[in-house]
Amino acid sequence: QVQLVESGGGLVQPGGSLRLSCVASGTIFSYNTMGWYRQAPGRQRELVATTTSGDSTNYGDSVKGRFTISRDNAKNTVYLQMNSLKPEDTAVYYCNVRMFFEDYWGQGTQVTVSS
């Protein structure tokens, strides 16, 4: 079993920054993809960013140049640095780990961008 615990969400003004963290515990294989997805009310869950154990990264078009994903393999932790936040970034952000084509999800953390 895999457990994911996110932290770092909250309320921030437009143009501000937040850093999300997600710690994975349980049976974590060294080859995996970790990432972040988000879901706004009335919308489908969408990709924010992913990073592989080989340090390849992938970003959703709407966050490129503003968000940075990173990972610490020794701590089984993935981070999402979010800069230049916009109101349209408001959503519940979910941590994801994919191993051998199985997906594991965290409980989600709310990010609200508002003045």
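Details of the structure are given in the entry above.
These remarks concern the structure in this document. Source: prediction; values computed, not measured.

**Brief notes about the pattern of salt bridges**
Note on pairing: side chains with opposite charge can pair once their charged atoms come close.
Thought 1: Counted by the stated rule, this structure contains 5 salt bridges.
Thought 2: With a closest N to O distance of 2.6 Å, R38 and E46 form a salt bridge.
Thought 3: The exposure class assigned to R38 is buried, which follows from its relative accessible area of 5%.
Thought 4: Taking relative accessible area as the criterion, E46 reaches 30% and is therefore assigned partly exposed.
Thought 5: K64 is paired through a salt bridge with D61; the nearest N and O atoms lie 3.1 Å apart. Both residues of the pair, K64 and D61, count as exposed.

**A look at the environment of G42**
Thought 1: Here G42 lies in the loop between β4 (33-39) and β5 (46-52).
Thought 2: Expressed as a C-alpha distance, the spacing of G42 and V12, which sit 30 residues apart in the sequence, is 21 Å.

**Structural notes on the sheet that holds strand β1 (residues 2-7)**
Two orientations exist for strands paired in a sheet by backbone hydrogen bonds: parallel and antiparallel.
Thought 1: Across the sheet, 4 strands lie side by side as β1-β3-β8-β7; this open sheet has antiparallel pairing. Edge strands, defined here as strands with exactly one partner in the open sheet, are β1 and β7 (67-72). Ignoring strand direction, the axes of neighbouring strands in this sheet form an average angle of 15 degrees.
Thought 2: Of the strand pairs in this sheet, β1 and strand β3 (residues 18-26) are connected by 6 bridges, and their pairing is antiparallel. Looking at the pairing, V2 lines up with G26 of β3.

The rules we used
Sequence order as written defines the numbering, with residues in each chain counted from 1. The predicted origin of the model limits local features to residues at a pLDDT of at least 70 and limits the giving and counting of side-chain atom pairs to 80 or more, whereas totals for whole chains, interfaces and linings rest on all residues. Side-chain numbers here rest on the full set of heavy atoms in the structure, without hydrogens or water. Any carboxyl oxygen of Asp or Glu that lies within 4 Å of a side-chain nitrogen of Lys or Arg is treated as forming a salt bridge with it. Summary of the burial criterion: residues with accessible area below 20% of their type's maximum are buried, those above 50% are exposed, and those between are partly exposed, where the area comes from a 1.4 Å probe applied to protein chains only. Secondary structure is summarised from DSSP: a helix means a run of H or I of at least four residues, a strand means a run of E of at least two, and numbering begins at the N terminus for each. When DSSP finds at least two bridges between two strands, those strands are taken to pair. In this analysis an axis means a line fitted to C-alpha atoms, helices contributing only their contacting stretch, and an angle means the value between N-to-C directions, from 0 to 180 degrees.

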